[in-house]
Amino acid sequence: MQSLRSIFIPAVLVSWMSLTSSPIAQTPTTGGSGEPPRASSTQPQPPSAQDPARRRRSGARRGGRRASFTIIEAGTVHPVSGPPIKDGVVIIRGERIFAIGQQGELQLPPNTKVFKYPDGHVYPGLIDASTDIFTDARLRGDRSLNGGSVIADGLLWTDSRDDHVIEHGITTAYVRVRTGAQLPGQGAIVRPSNSGFNLWEDKEQAAVQLRMTQGNSASHPLQRQTQLESVGKLFDDLDKYLEGQEKYEKDLEKYEEDFTKYLEHHAKKNGKADKKPADPKGAEAKKSEAKPAAEKPATGSPNGRRGRRGEGRPPRREPPKGGQPQELTSEAFDELLATMMAVIGQPATQPVDVQGPSRSRPQNPANSAAKPATKPGSATSKDDGPKRPTYPKKPREDLQKEALNKVLDGDLPLRIEAHRVDELRAALNLQRDKEIPLVVLEQAYGAHRVTEDIAERGATVVLTDVLPFSLAAPGDKRNAYAKFDPTSLPHQLNTAGIPFAIAGGTARMSAMLPMMAAAAIGNGLPEAAALRAITLTPAEILGVAKETGSLTRNKLADVIVTSGPLFASDSRMLLVLSKGRTEYEAK
Amino acid sequence: MQILNQNRTTGALLLTTLLAVPTAAQDVLVQASKIIVAYSTEAPNNMVLKDSALLIRNGKIAFVGADIPAEARRAARVIDYGNATISPGFVLAATTLGRDVDLGEGAIAFTPDLLTADAFDPWLEQLDTLAPAGVTSFGLVPSARNVAGGIGAVGKPGLEQGRLIAPEVFVGFSVSRSARNQERQPTSLMGAHQMLRESFTEARDGVKIGPDLAILRQVMSGQRPAFFYADTFAEINAVLDIGASFNFAPIILGGGQSERVIEKLAKRGAGIVLNTLSPMMRRADLELPAKLNKAGIPFCFAGRPDQLRLSAALAVRNGLSRSTASTALTRTPATMLGQQANVGALRTGCGADFVVFQGDFIDLSARHIATWVDGKLAHGASAKQAMKTRNTNLTGGR
């Protein structure tokens, strides 16, 4: 076997050096599907690329795509997706993991940068599933936020101690704020670096936050029940809103058809019937543009579940951006313009309003030339042909309702902050009643009492404050949360088979992820489950598990190296790589 | 007695041995794969026993490891904690157990001769929180509201009630903001400083002094440790000046800004009782234990007992060594309280106060299995069962 390997591996290495996409060794981990990175061609560009201001504040470094190799040799490699590997090695190519295995089993590429840590432990980059990193006090106290607010727009790099979470091995984080608002915005997934952060492409709006708690202040259960039941009203008129949007879209299509007929009629009348109508080409182009969006499956639902809104009818069309009606292609408009100008007998030298000739804008000189031709008294006004259609009225746009509709469609998870048992029950009832596909319960301190319900509904849980008596001193009768034990909750959820992540909650506590996981181990959670709770499970909850969360081939090279076992108090961070780039290295 | 029946030929010798081991039926033999008899600030100096045992008799450590007589070992009730680690119980250097009002005489600022023991309630609910946190003994300090608050005591929690093992141990002083009151003297730090200086001067030089100044004389002669509440630079400086003037080494309670006077602290031989650490603290506060240790200043932690382990773990995370952090929870506070012969270690003659963890308690991943106080199980999942069963092998230790 050994001889076969000695022949086989160099042979494979040669082919690997020539074909850079072929692996040199079989990764021992499971889940190494080798799937290509998720397509994002139809998705909007990352804000760091779109918005110069955001790019500046992020401090993101620019650089070409690197394809060089980096090798990490360490005493123990913990892939998370598989058992630990003694004397392991991780090979990184560019920004992705190329292979992992045991030293001696993999033939390493020559002239490669090698990090050697004979006593070190290698783990995937840690993922904080809930934090307020890169937010300032103003944003954290903004009660005017609603479900349509995009937290990503308010993130800032201040170079403070709390911003340097990368030094603690946090390579991915979900950022949200806890204001007093019932719907405190939409959280974002960020990738911290040593000089800023980058927003995760396509995850700037990663989830909708919903607050279903009044905190630990004294309150009567009936009062809480009344308040919690009122939360359901947020979802009540979404169907009506959706119907309005759909009606508008139908009206818009009808308008386009009618207007085309209208133009065709006048084109024929002016003896230009042989001219190719503009609409077919434009409509075809438009259809081809709209089709991918319509056929695209719902994103953000890794398990493929969809709410009732997603069953029995085609997916909803995305509303046009910026409050403008859907635009035709330039070719279609050229055709339309030419046809229309031919109808009115003028050269197509003036730009025409996208929204069609139905809107009279006397102040606009661009339209003023076209106006006399459509006035009553002209040749067309005496015609018996189709009447000029009226442009449909666009319903008022409501970003919160848009976001909640995405929640109902399963495109966005709903992250509900609920602490007490009755709050958690109300949250689960909301999920059941509204058929919300993706629900994440945050700070679910009383979750041990409703584990069966959580498991039945398929919700996931993000736990914070997992430290001894972090909520209240033992025996503190004035604090309603003294009865909760956040350190034993992970074990209880794990026993019930509920996916959960351990999260920092605040920027400063993000650095405490390993210690919080350690505290959970001290209360019965198996070590492997604790490691998963700060790596792979949060990646799954955030919908980025295909890219990060474990040391698996083709995933992003988010790798940390510690001086000892991660959960030991005296373990030091030695090296942090994010997408293969060295973000922190202990001196 | 069974041994006697089985082997009559050994007669007098065995009988002598058994008589020398009074009430052998009460002995408890506690076994574990690792027993740390005493911590030291230097890891190699930790006294560690592998696969060993402790023999508990009358609430105290009677024998340790190989010193346990074979007869006593056979006759003892065995508690086997398997591969767990037994360490000395934690010593909470200073606490008021939430009885701040009862431990401070508000009308008079200078009451060094009051006894905190007089205000101790053995059935206090706060005592029930100590054993689950691993605390097996505590220093009961006077309130910070008096410049000279009184004489502190040392106590222990228990399964049903607490008790004081030393009612008059140290003297509690305060120059903190709490000690200043606009309705009586002193109203300022200067006033508090002056009050202390005059009192110590009178105690040193006076020919005929009362019981209150006699307490100060005991402080100056080293008979009683002196604990001072002081947090800011000015307060700590004032206390160090008093100590230097009257030739005693103070122990600072709080010492939040002690980093600024770290050289002076070391020079005066002062000790620090730090407040428990929190992850939300400034980095400088979290690194303070390591800096104090580097300067050779003895320190320990006080505050919420349930945060002691976390404080030690945070200190280790920020540069302190494991052994020093462990010492700061056990031997150092015992020494500060002058009770090193009784608590803070598992040497022969010390109280049988220990904690059992699955691993090193400095790691939060170590599971807390049990706490024993005075040879009795004060906290633990199978505590009562363990005490009733002979030759028990606790599942919690495996």
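Computed from a predicted structure; not experimentally measured.

Reading the values: rules and limits
Residues numbered from 1 in each chain as written. Chains lettered and ligands numbered in written order. Predicted model: local features only at pLDDT ≥ 70, side-chain atom pairs only at ≥ 80, totals over all residues. Helix = DSSP H or I, 4+ residues; strand = E, 2+ residues; numbered from the N terminus. Buried ≥ 20, exposed ≤ 12 C-beta atoms within 10 Å, placed from the backbone. Contact = placed C-beta atoms within 7 Å. Nonpolar A, V, L, I, M, F, W, Y, C, P; charged D, E, K, R; others polar. Core = buried A, V, L, I, M, F, W, Y, C linked by C-beta atoms within 7 Å. pLDDT = per-residue confidence, 0-100. Pairing = 2+ DSSP bridges. Axes fitted to C-alpha atoms, helices over the stretch in contact; angles between N-to-C directions. Expected span 1.5 Å × (residues − 1). Domains from an automatic or database assignment. Parallel < 35°, antiparallel > 145°, perpendicular 65-115°, else oblique. Left-handed = near helix turned anticlockwise from the far one by under 90°.

### Notes on the overall build of chain B
Looking only at helices and strands, chain B features 12 helices and 17 strands. The buried share of chain B, taken over its 398 residues, is 52%. Within chain B, counting contacts between residues at least 6 apart in sequence, those at least 24 apart form 68% of the total.

### Thoughts on the overall build of chain A
Within chain A, the regular secondary structure consists of 18 helices and 16 strands. Intrachain contacts of chain A at a sequence separation of at least 6 include 71% that bridge at least 24 residues.

### Thoughts on the interface of chain A and chain B
Listed per partner, the contact involves 19 residues of chain A and 21 residues of chain B. If you list the elements that add at least two residues to the side of chain A that touches chain B, you get α15 (507-510) and α16 (513-521) of chain A. A class-by-class count of the residues in the side of chain A that touches chain B yields 13 nonpolar, 3 polar and 3 charged.

### A short note on α16(A)
Of all 9 residues in α16(A), 9 are buried; the element is thus mostly enclosed. Within α16(A) the residues assigned to the buried category are A:Leu513, A:Pro514, A:Met515, A:Met516, A:Ala517, A:Ala518, A:Ala519, A:Ala520 and A:Ile521. Buried residues belonging to α16(A) abut β5 (126-131), α14 (489-495), β13 (500-502), α15 and α17 (527-532) of chain A together with α9 (308-317) of chain B.

### A few points about the nonpolar core
Membership of the largest hydrophobic core comes to 244 residues, with the highest contact counts inside it found for A:Val90, A:Leu441, A:Val461, A:Ile502, A:Ala517 and B:Phe228. In contact with A:Ile502, other than residues within four places in its own chain, are A:Leu463, A:Val466, A:Pro490, A:Leu513, A:Met516, A:Ala517, A:Ala520, A:Ala533 and A:Ile534.

### Focus on the confidence of the model for chain A
All names here are of chain A. Looking at chain A as a whole, its pLDDT mean stands at 78, while 70% of the residues score no less than 70. Considering only residues more than four positions removed or in separate chains, one finds that residues 1-66, a stretch of pLDDT under 50, has 82 contacts. Note on residues 310-325: pLDDT under 50 across the span, and 24 contacts to partners over four residues away in sequence or across chains.

### Examining unusual backbone geometry
The amide bond that connects B:Gln185 to the next residue, B:Pro186, takes the cis arrangement and shows omega of -5°. Mapped onto the elements of the fold, B:Pro186 is located in the loop between β9 (163-174) and α4 (189-205). Non-glycine residue A:Asn554 carries a positive phi angle of around 80°. As for its position among the elements, A:Asn554 is in the loop between α18 (536-542) and β14 (559-562). Under the C-beta neighbour-count criterion, A:Asn554 is labelled buried, with 20 such atoms within 10 Å.

### Observations regarding the sheet that holds strand β8 (residues 148-156) of chain B
Residues and elements named next belong to chain B. Read from one edge of the open sheet, 8 strands run β6-β7-β8-β9-β10-β11-β12-β13, paired in mixed fashion. Of all strands in the sheet, those bounded by a partner on one side alone are β6 (90-95) and β13 (299-302). Put simply, the sheet's adjacent strands are angled 30° from each other on average, direction ignored. Relative to strand β12 (residues 271-275), strand β11 (residues 251-254) is paired through 4 bridges, and the arrangement is parallel. The partner of Ile251 across the bridge, within β12, is Gly271.

### Some words on the environment of A:Asp132
Residue and element names in this part refer to chain A. Positionally, Asp132 belongs in the loop between β5 and α4 (137-140). Once the C-alpha coordinates of Asp132 and Pro110 are considered, the two residues, 22 residues apart in sequence, prove to be 43 Å apart. The contacts of Asp132, once residues within four sequence positions are left out, are Arg140, Val175, Arg176, Val177, Thr506 and Ala507.

### Quick notes on helix α12 (residues 421-434) of chain A
All names here are of chain A. In this model, α12 (14 residues) spans 20 Å end to end at C-alpha, consistent with the 20 Å of a helix rising 1.5 Å per residue. In this structure, the buried side of α12 is in contact with α5 (221-229), α11 (399-409), β10 (414-417), β11 (439-442) and α13 (451-457). Immediately downstream of α12, the backbone of Glu435 shows phi near 55°, a positive value.

### Considering the domain arrangement of chain B
Residue and element names in this part refer to chain B. Taken domain by domain, chain B consists of domain 1 (2-89 + 348-397) and domain 2 (90-336). Contacts between domain 1 and domain 2 engage 22 residues on the former and 24 residues on the latter. Where the side of domain 1 that touches domain 2 is concerned, the elements lending two or more residues are β15 (367-373) and β16 (376-380). In the side of domain 1 that touches domain 2, the residues fall into 10 nonpolar, 7 polar and 5 charged.

### As for the packing of α5(A) against α12(A)
Residues and elements named next belong to chain A. At their nearest, the axes of α5 and α12 sit 10 Å apart, and the two run at 20° to each other. With respect to α12, the element α5 is oriented roughly parallel. Relative to α12, α5 is oriented so that their crossing is right-handed. Contacts between α5 and α12 involve Pro221, Arg224, Gln225 and Leu228 on the former and, on the latter, Asp422, Glu423 and Ala426. Considering only residue class, the contact of α5 with α12 consists of 3 nonpolar, 1 polar and 3 charged.

### As for the pairing of strand β5 (residues 85-88) of chain B
All names here are of chain B. Here strand β1 (residues 28-38) runs beside β5; their pairing, made up of 2 bridges, is parallel. By the bridge assignment for β5, Ile35 is matched with Ile86. Relative to strand β14 (residues 354-358), β5 runs antiparallel, the two being bridged by 4 bridges. When the bridges of β14 are listed, Ile86 appears paired with Val356.

### Re the sheet that holds strand β4 (residues 113-124) of chain A
Residue and element names in this part refer to chain A. Read from one edge to the other, the open sheet built from 7 strands follows the order β3-β2-β1-β4-β14-β15-β16, with strand pairing classed as mixed. Looking at strand neighbours, the two that pair on one side only are β3 (96-102) and β16 (581-585), the edges of this open sheet. Strand-to-strand twist of the sheet, defined as the mean angle between neighbouring strand axes without regard to direction, takes the value 35°. Looking at chain direction, β4 and β14 are connected through 4 bridges and run antiparallel. Residue Val122 lies in a different strand from β14, and its bridge partner there is Val561.

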